[in-house]
Amino acid sequence: MSTLSRAARPARTRATRPHGRGGLPGAVAAEWTRLWSMRSTWWTLPAGVVLTAATAAQLAIYAANDNTDDDPTDDRGPVTVGSVLVDSMELTQYAVLALGLLAITAEYATGTIRGTLLGTPSRGTMLLAKAVVAGAVTFGYGLLLGLVGVLVARPLLGTWGRAPLGPTVTDVLATATYLALVGILALGLGAALRSAVLTLTVLFAVLMIVPLSLREPDITVLTRISDAFPGVAGGHFLAGDTGPYPPVVGLLLLAGWAVAALALGRAVLRRRDA
């Protein structure tokens, strides 16, 4: 090849690298199809519904029993169905975490990640597309779980339950938002760690074990550090706590963890081949 013909060819810079057919919208469409074609998706979705129904029912029965037993010291008084729903997410969230992390770790386990990256060569675009799909699906899924939790808890609470429309809708929307963000957090860590078991272990530690360990000594500085962890921040957001910070701060902290996990996943994807 002559020097002239080489010079005439456009330089293939990072800006001109292919992003796959259709750019980000095409990648999102592909990831949407890919997510619904995965067997794990169809296992985790009903599992979350069952967990929500069972946990909400158990918590509602406990709340009603506390007010009707022979010990007046444990009477809780009327509770809202939204508070029962929020409390049930402590267990239900793990079905959503599984959905988020398996959206990418399952591809590494089966080797289909190679085809994904051939279709969308840009690692950043691919991961962003997965995050958009995972966030949208888990938010909608969270709305469904919120409805299930409310419908199960309300009759079981009986006269000890309250379901004001505005606060209940707010709790359902907050639950869906929380689940969408932890789903994206799981996706980002899954992209970085590439192992479903390892990712779930790290998530369990970050969401529960480490914050609880920091709070156990009841030392102020350690408690404040634990308040910045995603599970605690998300809990403050869901509960609408005003201390140690407003609910919006808890939401922003959780969103920050999700964005940081995606950034970590993107960095690993750029440095390591599939």
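Before reading further, recall that the structure is shown in the block above.
This one's a predicted model, so the numbers in the text were calculated from it and none came from an experiment.

What counts as what
Residues numbered from 1 in each chain as written. Predicted model: local features only at pLDDT ≥ 70, side-chain atom pairs only at ≥ 80, totals over all residues. Heavy atoms only, no water. Axes fitted to C-alpha atoms, helices over the stretch in contact; angles between N-to-C directions. Helix = DSSP H or I, 4+ residues; strand = E, 2+ residues; numbered from the N terminus. Parallel < 35°, antiparallel > 145°, perpendicular 65-115°, else oblique. Left-handed = near helix turned anticlockwise from the far one by under 90°. Patch = residues over 30% accessible without salt bridge, like charges linked within 9 Å, V, L, I, M, F, W, Y side chains within 5 Å. Areas by Shrake-Rupley, 256 points an atom, 1.4 Å probe, with all protein chains shown as cover. Salt bridge = Lys/Arg side-chain N within 4 Å of Asp/Glu carboxyl O. Phe/Tyr/Trp six-rings, centres within 6.5 Å; stacked < 30°, edge-to-face > 60°. Buried < 20%, exposed > 50% of the residue type's maximum accessible area, 1.4 Å probe, protein only.

A. Quick peek at the packing of helix H3 (residues 39-68) against helix H6 (residues 123-157). Running from amino to carboxyl end, H3 crosses H6 at an angle of 30 degrees, the nearest separation of the two axes being 8 Å. When the axis of H3 is compared with that of H6, the two are roughly parallel. The two elements H3 and H6 cross, and the hand of that crossing is right-handed.

B. Broad picture of a nonpolar patch on the surface. Taken together, Phe139, Leu143, Leu165, Val169 and Leu173 make up a surface patch of nonpolar side chains, about 420 Å² in accessible area. Broken down by secondary-structure element, the contributors of at least two residues to the nonpolar patch are H6 and helix H7 (165-193). Within the secondary structure, leucine 143 is located in helix H6.

C. Region of the structure containing the packing of aromatic side chains. One pass over the structure, following the stated rule, counts 4 aromatic pairs. Ring centres of tryptophan 32 and tryptophan 36 lie 5.7 Å apart, and the angle between their planes is 65 degrees; on these two criteria the pair is classed as edge-to-face. In this pair, tryptophan 32 and tryptophan 36 are both assigned in helix H2 (residues 23-37), 4 residues apart and thus about one turn of the helix distant. Between phenylalanine 229 and tryptophan 257 the ring centres are 5.6 Å apart and the planes differ by 35 degrees, which places this aromatic pair in the tilted class. Residue phenylalanine 229 is found in the loop between helix H9 (220-226) and helix H10 (230-239), and its partner tryptophan 257 is found in helix H11 (residues 247-271); the two are separated by 28 residues along the sequence. The exposure class of tryptophan 257 is partly exposed, given its relative accessible area of 30%. One aromatic cluster is present, formed by Trp32, Trp36 and Trp42 through successive ring pairs.

D. Broad picture of the pattern of salt bridges. Taken as a whole, this structure holds 6 salt bridges when the rule is applied. Where glutamate 31 meets lysine 130, a salt bridge forms, and the shortest distance between an N and an O atom there is 2.8 Å. With glutamate 31 in helix H2 and lysine 130 in helix H6, the pair connects residues that are 99 residues apart, well separated along the chain. Of the two residues, glutamate 31 and lysine 130, neither departs from the other in class, the shared state being buried. Notably, a salt bridge pairs arginine 224 with aspartate 227, separated by 3.4 Å at the nearest N-O pair. A cluster of three or more residues bridged by salt bridges with shared partners is formed by Glu31, Arg34, Glu107 and Lys130.

E. Examining unusual backbone geometry more closely. In this structure, the amide linkage connecting glycine 243 to the following residue, proline 244, adopts the cis form with an omega of 5 degrees. Here proline 244 lies in the loop between H10 and H11. Positive phi outside glycine occurs at arginine 194, with the angle close to 65 degrees. Given the relative accessible area of 14%, arginine 194 is considered buried. For aspartate 218, which is not a glycine, the phi torsion comes out positive at approximately 60 degrees. Structurally, the position occupied by aspartate 218 is in the loop between helix H8 (196-215) and H9.

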